[in-house]
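A structural walkthrough
Here are the chains, one letter per residue:
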Amino acid sequence: MPFDPGGELNTFSQGVAGAGAIVSFTGVVRDVTGGLSGMEIEHYPGMTEKALGAIRGEAMQRWDLAEAMVIHRFGRLDVGEVIMMVATASKHRKDAFEAAEFLMDYLKSRAPFWKKEVTLEGSSWVASRDEDEEALGRW
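Structure report, in brief.

Quick notes on the rules
- Residues numbered from 1 in each chain as written.
- Predicted model: local features only at pLDDT ≥ 70, side-chain atom pairs only at ≥ 80, totals over all residues.
- Heavy atoms only, no water.
- Helix = DSSP H or I, 4+ residues; strand = E, 2+ residues; numbered from the N terminus.
- Contact = heavy atoms within 4.5 Å.
- Axes fitted to C-alpha atoms, helices over the stretch in contact; angles between N-to-C directions.
- Parallel < 35°, antiparallel > 145°, perpendicular 65-115°, else oblique.
- Left-handed = near helix turned anticlockwise from the far one by under 90°.
- Nonpolar A, V, L, I, M, F, W, Y, C, P; charged D, E, K, R; others polar.
- Core = buried A, V, L, I, M, F, W, Y, C linked by side-chain atoms within 4.5 Å.
- Buried < 20%, exposed > 50% of the residue type's maximum accessible area, 1.4 Å probe, protein only.
- Pairing = 2+ DSSP bridges.
- Phe/Tyr/Trp six-rings, centres within 6.5 Å; stacked < 30°, edge-to-face > 60°.
- Lys NZ or Arg CZ within 6 Å of the ring centre and 35° of its normal.

Mapped onto the fold, Thr 88 is located in strand β5 (residues 82-90). Excluding residues within four positions of it along the chain, Thr 88 makes contact with Phe 12, Ala 21, Ile 22, Val 23, Leu 65, Glu 67, Ala 68, Ala 96, Ala 99, Ala 100 and Leu 103.

Right under this line is the structure:
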């Protein structure tokens, strides 16, 4: 289901007391090759929510955060549509930035979503990329 990143960030920000830094990242379906018409994202309900909750909890423990949020869509998404968002709030910007990067790296490489790229010629599953695994390795 679509969501409004600005509205989500406003709601998140209003619910955070004492934070000196709020960091957010919004991901958008992009067409790198010039032939993508969209993506189909599959997941297992229940398992996905549990995994996202666990990684959010890990971020809360590893960094001095007041709050953290993870939103990830599934189903059919067209190029240009918002696919995901993370937000973190902390007393200090370093914790907020690092925790947001950690959450994004996790979503890119470990979250239980399966992505299929759809083009005019057909569709194919998106394989994991070495650079995504390397990014996660720093945490």
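Any two packed helices are characterised by the angle at which their axes cross and by the distance between the axes. Close contact between helix α2 (residues 47-62) and helix α3 (residues 93-109) brings their axes to 10 Å; oriented N to C, the two are set at 155°. Between α2 and α3, the angle falls in the class roughly antiparallel. Remark: the crossing between α2 and α3 carries right-handed chirality. Judged by residue contacts, Ala 51, Leu 52, Ile 55, Arg 56, Glu 58, Ala 59 and Arg 62 of α2 engage Phe 102, Leu 103, Tyr 106 and Leu 107 from α3. The residue makeup of the contact of α2 with α3, split by class, is eight nonpolar, no polar and three charged.

With that settled, consider the nonpolar core. The nonpolar side chains of a soluble globular protein tend to be buried with one another. If you look at the biggest cluster of nonpolar residues, it comprises 29 residues, and the most contacted ones within it are Leu 52, Val 86, Leu 103, Tyr 106 and Leu 107. Only β1 (21-28), β2 (36-42), α2, β3 (65-72), β5 and α3 provide two or more residues apiece to this core. Ranked by residue count, the leading element in this core is α3, at eight residues. Among residues more than four places away in sequence, those in contact with Val 86 are Val 23, Ser 24, Phe 25, Met 69, Val 70, Ala 100, Leu 103, Met 104 and Leu 107. Among the nonpolar cores identified, the runner-up in size contains nine residues, and Phe 3, Phe 12, Val 16 and Met 69 belong to it.

Along the polypeptide, Leu 136 turns up in helix α4 (residues 130-137). A relative accessible area of 15% means that Leu 136 is categorised as buried. Put simply, Leu 136 and Phe 102 are 34 residues apart on the chain and 7.3 Å apart in space, counted from C-alpha to C-alpha. Those residues in contact with Leu 136, other than ones at most four positions away along the chain, are Asp 105, Tyr 106, Ser 109 and Arg 110.

Once that is clear, we can look at the sheet that holds β5. Strands sit in the order β1-β5-β3 across an open sheet of three strands; the sheet is antiparallel. Of all strands in the sheet, those with a lone pairing partner are β1 and β3, marking the two edges. The mean inter-strand angle of the sheet, taken between neighbouring strand axes irrespective of direction, is 5°. Sheet topology places β1 next to β5; eight bridges connect them, and they run antiparallel. Across the sheet, the residue bridging to Ser 24 is Ala 87, located in β5. Packing of helix α1 (residues 5-14) onto the sheet brings it into contact with β1, β3 and β5, and relative to β5 it is tilted by some 20°.

Here the focus is the packing of aromatic side chains. In the structure shown here, the tally under the stated rule is four aromatic pairs. Ring centres 5.3 Å apart and planes at 70° place the aromatic pair Tyr 44 and Trp 114 in the edge-to-face group. Here Tyr 44 is found in the loop between β2 and α2, whereas its partner Trp 114 is found in strand β6 (residues 114-119), with 70 residues between them in sequence. Residue Tyr 44 is classed as exposed on the basis of its relative accessible area of 53%. Each ring, one from Phe 102 and one from Trp 139, has its centre 5.9 Å from the other, and the planes form 85°; the classification is edge-to-face. With Phe 102 in helix α3 and Trp 139 in the segment after α4, the pair connects residues that are 37 residues apart, well separated along the chain. These aromatic residues form a ring-pair network of at least three members: Trp 63, Phe 102 and Trp 139. Looking at Arg 62, its charged tip hangs above the ring of Phe 102, at a distance of 4.9 Å from the centre.

Purely geometric stuff here, so don't read any function into it on its own.
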